[in-house]
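# Fold and contact review
So you can see what is in the structure, the chains are spelled out below.
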Amino acid sequence: MKMLPRSGLSKFMSRYGSFGVLFVITLAMSLANKSFLTVPNLVNVARQVSINTIISAGMTFIIITSGIDLSVGSLVALSSCVAMIIIEATGSSLLGIVTGILIGGAAGAFNGAFVAWAGIPPFIVTLAGLTIYRGIALIITGGTPIIRFEGGFRSLGQGALLGIPVPVIIMIIVVIFMHFLLTRTAFGTHVYSVGGNEEASRLSGIKVAKVKFQVYVMGGMLTALAGMVLMGRLSSAQPNTGEGFELDAIATVILGGTSLMGGRGTIWGTLVGAFIIGILNNGFNLMAVDAHFQLVAKGVIILLAVLLDRYLKRKQA
Amino acid sequence: MKGKKLLLIAAALLLTTSTLFAAPPLIAFSVSTTSNPFYATMAQGVKDEAKVLGFDVIVLDAQNKIEKQVADVEDALTKNIKVLLINGVDDGAIPLALKALAKGIPVMALQRNLNQGNMTAFIGTNNVVLGEQLIHWYASTLGGRVSKVLILTGTPGAASSEDRIKGINATLPKYPNIQVLASQTGYYDRAKSLPVAENMLLRFPEAEAILCLNDEMAMGALAAASSMNKKVKITGMDANPDALKAVAEGKLYMTIALPPYDIGRIGVQFAKDILDGKQVQAMKIMDVSFVTEQNVGQFRK
């Protein structure tokens, strides 16, 4: 890296370390594979990262308050199963989707209440949530997926507006809204403050418990929204879907430069983190990398990415 | 009070002796879990065939817990059973089977092979053979024509997936006309295989078929193909209800149905043969059925 002149690009890269990582990975993938840098594939990647990005946007807020949410994968399953049951019963996609998102909010409120007011560590609360929501999803469906090849809900996953897939549009709206909320509102300031120094926040009159409660409710609703997109993509709701989504979301947020210790992080960074993971998966598939090798490569690259991110940031400082 | 107790003992004695001498021979089937329809169907096959062949049968549901299976089988061994049919929860069932054998009770391992060679017989399907049969079948639909295919494999390291891959790889050299463009994992999961299938179809638009090592991934690949408006033949395995529905609707090209009911039935038939002093096949690998639009009717209930 020392060979590079201090051009505008390298300054930009060092200020936004994760952008630099994304740039390097994109470059490597384009060189390794001719079908990577094509419009259909980039649209494809954007659509594939949308679900993880929507979940991770909520996760970013939670992690900035120095919390964590391990229940997102199970909640994707629960919210989509509830929504599909309502759609099957009433024939109304809208009613199903609204109910699904409300279920997400309710589960988030359950998580948030235990974290904010009972003072139980978020890791434990949401670990309990992980098994509880999965269990409820299995109970209400009897363990079998619900398939439905008709209905408006499918446009959430399969539709397109002006050539842009609906999941991508939803992702863009979520990212812009959450960025605005985090950087331009008093609530956003409070979120940073609670994660940075809880005691100081309390003393300066911020209702710490309320802020924590709110980020979990929001996270739950966004997770459910992602569940609705997945349900549309697959034309089905499955009680056993979403396993491991929490790990992808956490990795995404960390790759985006958000600190697990709280108080620091951005939504843009999370978007970049989601694309890093999405491009890795996409590139591995395009190059037909062996499945066993992929597991190792993905882990190594994520570690290197975080190292590079730190290096670029330190250079800036 | 004392008289009543004595009466009870007498009744119990009478009951045991009548079981010993008059009642039909007793066999036990210890099954991993009947909450999985596959094994529930297998247990039904055992019960139905036992009735036909004149056995009394006790079915013990281990609820997928090896410690419950241990207790179940130990109880059964005190009940003078003639044959033990066992579908092990995991390899923890091996010592159980050996215990029964040591008592002179023949053991039929159903679907889960418990340490081949030690058991009286194994009856079930075999994942290596399943992989072989998939390729033989696909080749038979081609008639020698060249076909480029993609493969979606299961969770890396899962024995079923690795064995199926082993069977596929061993058979492919016999059919040079089948060209595998890429093989990627979909983790046996519908949501996870959707983007993988999309990426592969984008990279290899010339693919004629996607062979998936279970139905969940086949359904994910189906969603990928439809989102990309691609016409591609997709095959699965397991014959899940929604996969069968997709086959009936002409969306899924093929799925493979395993025969749990027949595995149960043959287990009992073998038990009868053994008790009659006949030899049985030590390793009975069951045939599977290839379900397509033509014959899907007989597999849907």
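Conventions used here
- Residues numbered from 1 in each chain as written.
- Chains lettered and ligands numbered in written order.
- Predicted model: local features only at pLDDT ≥ 70, side-chain atom pairs only at ≥ 80, totals over all residues.
- Helix = DSSP H or I, 4+ residues; strand = E, 2+ residues; numbered from the N terminus.
- Expected span 1.5 Å × (residues − 1).
- Buried ≥ 20, exposed ≤ 12 C-beta atoms within 10 Å, placed from the backbone.
- Arc of directions from axis to C-beta.
- Pairing = 2+ DSSP bridges.
- Axes fitted to C-alpha atoms, helices over the stretch in contact; angles between N-to-C directions.
- Contact = placed C-beta atoms within 7 Å.
- Parallel < 35°, antiparallel > 145°, perpendicular 65-115°, else oblique.
- Left-handed = near helix turned anticlockwise from the far one by under 90°.
- Nonpolar A, V, L, I, M, F, W, Y, C, P; charged D, E, K, R; others polar.
- Domains from an automatic or database assignment.
- Right-handed = clockwise from strand over helix to strand, strands pointing away.
- Core = buried A, V, L, I, M, F, W, Y, C linked by C-beta atoms within 7 Å.
- pLDDT = per-residue confidence, 0-100.

## Here we look at helix 8 (residues 166–184) of chain A
All names here are of chain A.
- Its 19 residues place the ends of helix 8 26 Å apart at the C-alpha level, agreeing with the 27 Å of an ideal helix rising 1.5 Å per residue.
- Within helix 8, burial applies to V166, P167, I170, M171, V174, V175, M178 and L182. Looking down the long axis of helix 8, one finds its buried residues gathered within 165 degrees of arc, a one-sided arrangement. Of the residues in helix 8, the exposed ones pointing more than 90 degrees away from the buried face are I173, I176, F180 and R184.

## A closer look at the sheet that holds strand 6 (residues 147–153) of chain B
Residues and elements named next belong to chain B.
- One open sheet accounts for four strands, arranged 7-6-8-9; its pairing is parallel. Only two strands of the sheet have a single partner each, and these edge strands are strand 7 (178–185) and strand 9 (233–235). Neighbouring strand axes in the sheet, compared pairwise and without regard to direction, differ in orientation by 20 degrees on average.
- By the bridge criterion, four bridges tie strand 6 to strand 8 (residues 209–212) in an arrangement that is parallel. Across the sheet, residue I151 finds its bridge partner in strand 8, namely L211.

## Quick notes on the interface of chain B and chain A
- Facing the 18 residues of chain B at the interface are 23 residues of chain A.
- Elements represented by at least two residues in the side of chain B that touches chain A include exactly strand 7, helix 7 (190–203) and helix 8 (215–227) of chain B.

## Digging into the packing of helix 13 (residues 267–286) of chain A against helix 7 of chain B
- It is the contact of helix 13 of chain A with helix 7 of chain B, at a shortest axis distance of 8 Å, that shows an interaxial angle of 50 degrees. When the interaxial angle is binned, helix 13 of chain A and helix 7 of chain B end up oblique. Judged by the sense of rotation from one axis to the other, the crossing of helix 13 of chain A with helix 7 of chain B is right-handed. Facing A:N281, A:N282, A:N285 and A:L286 of helix 13 of chain A, the residues of helix 7 of chain B in contact are B:P195, B:V196, B:N199, B:M200 and B:R203.
- When the residues that make up the contact of helix 13 of chain A with helix 7 of chain B are grouped by side-chain class, the tally is four nonpolar, four polar and one charged.

## Structural notes on the domain arrangement of chain B
- Structurally, chain B comprises domain 1 (2–124 + 260–285) and domain 2 (127–257).
- Averaged C-alpha coordinates put domain 1 of chain B and domain 2 of chain B at centres separated by 37 Å.

## Structural notes on the pairing of strand 2 (residues 56–61) of chain B
Residues and elements named next belong to chain B.
- Relative to strand 2, strand 1 (residues 26–31) runs parallel, the two sharing six bridges. From the neighbouring strand, A28 faces strand 2, where its bridge partner is I58.
- For the handedness criterion, the β-α-β arrangement of strand 1, helix 2 (residues 37–53) and strand 2 is classed as right-handed.

## Things to note about the nonpolar core
- Core analysis: the largest hydrophobic core is formed by 136 residues, its most contacted members being A:I54, A:I276, B:I210, B:A221 and B:I234.
- Counting 40 residues, the second largest nonpolar core, distinct from the first, contains B:A43, B:L84, B:A93 and B:L96.

## Observations concerning the pairing of strand 4 (residues 107–110) of chain B
Residues and elements named next belong to chain B.
- Here strand 4 shows no split at all, with V107 and A109 on one side and M108 and L110 on the other all buried.
- Taken together, the three bridges between strand 3 (residues 83–86) and strand 4 define a ladder with parallel strand orientation. Following the sheet pairing, L85 is matched in strand 4 by M108.
- Note on the crossover from strand 3 through helix 4 (residues 93–102) to strand 4: the handedness is right-handed.
- Judged from the three bridges that link them, strand 4 and strand 5 (residues 121–124) form a sheet pairing that is parallel. Across the sheet, residue A109 finds its bridge partner in strand 5, namely F122.

## Let's talk about the confidence of the model for chain A
- Across chain A, the average pLDDT comes to 90, with 94% of residues at or above 70.
- Low pLDDT, under 50, characterises residues 1–5 of chain A; the predicted model gives this stretch one contact beyond four residues in sequence or across chains.

## Concerning the sheet that holds strand 5 of chain B
All names here are of chain B.
- Pairing is parallel in the open sheet, where six strands are placed in the order 2-1-3-4-5-11. The sheet is open, and its two borders are formed by strand 2 and strand 11 (283–285), each paired with just one other strand. Going from strand to strand, the sheet's axes swing by 15 degrees on average, the running direction of each strand aside.

## Details of the packing of helix 7 of chain B against helix 8 of chain B
Residues and elements named next belong to chain B.
- The geometry of helix 7 relative to helix 8 is characterised by a closest axis approach of 7 Å and an angle of 45 degrees between their N-to-C directions. By the angle between their axes, helix 7 is oblique relative to helix 8. The two elements helix 7 and helix 8 cross, and the hand of that crossing is right-handed. The segment helix 7 lies against helix 8, with R190, A191, S193, L194, A197, E198 and L201 engaging E216, M217, M219, G220, A221, A223, A224, A225 and S227.
- Residues belonging to the contact of helix 7 with helix 8 are distributed by class as follows: 10 nonpolar, three polar and three charged.

## Some remarks on the environment of B:I168
Residue and element names in this part refer to chain B.
- Structurally, I168 can be placed in helix 6 (residues 159–171).
- The sequence separation of I168 and I151 amounts to 17 residues, and the corresponding C-alpha distance is 10.0 Å.
- Excluding its chain neighbours within four sequence positions, the residues that come into contact with I168 are G131, L134 and I135.

## Examining helix 6 (residues 122–141) of chain A
Residue and element names in this part refer to chain A.
- Counted at 1.5 Å a residue, the expected span for helix 6 with its 20 residues is 28 Å, and the 28 Å between its end C-alpha atoms agrees.
- Taken residue by residue, helix 6 has P122, V125, T126, G129, Y133, R134, A137 and T141 as its buried positions. On an axial view of helix 6, the arc spanned by its buried residues comes to 160 degrees, and they lie on one face. In helix 6, the exposed positions angled more than 90 degrees off the buried face are occupied by I124, T131 and I139.
- Looking at the buried side of helix 6, the elements it contacts are helix 4 (72–90), helix 5 (93–116) and strand 1 (146–147).
- Following helix 6 by one or two positions, G142 has its phi on the positive side, about 65 degrees.

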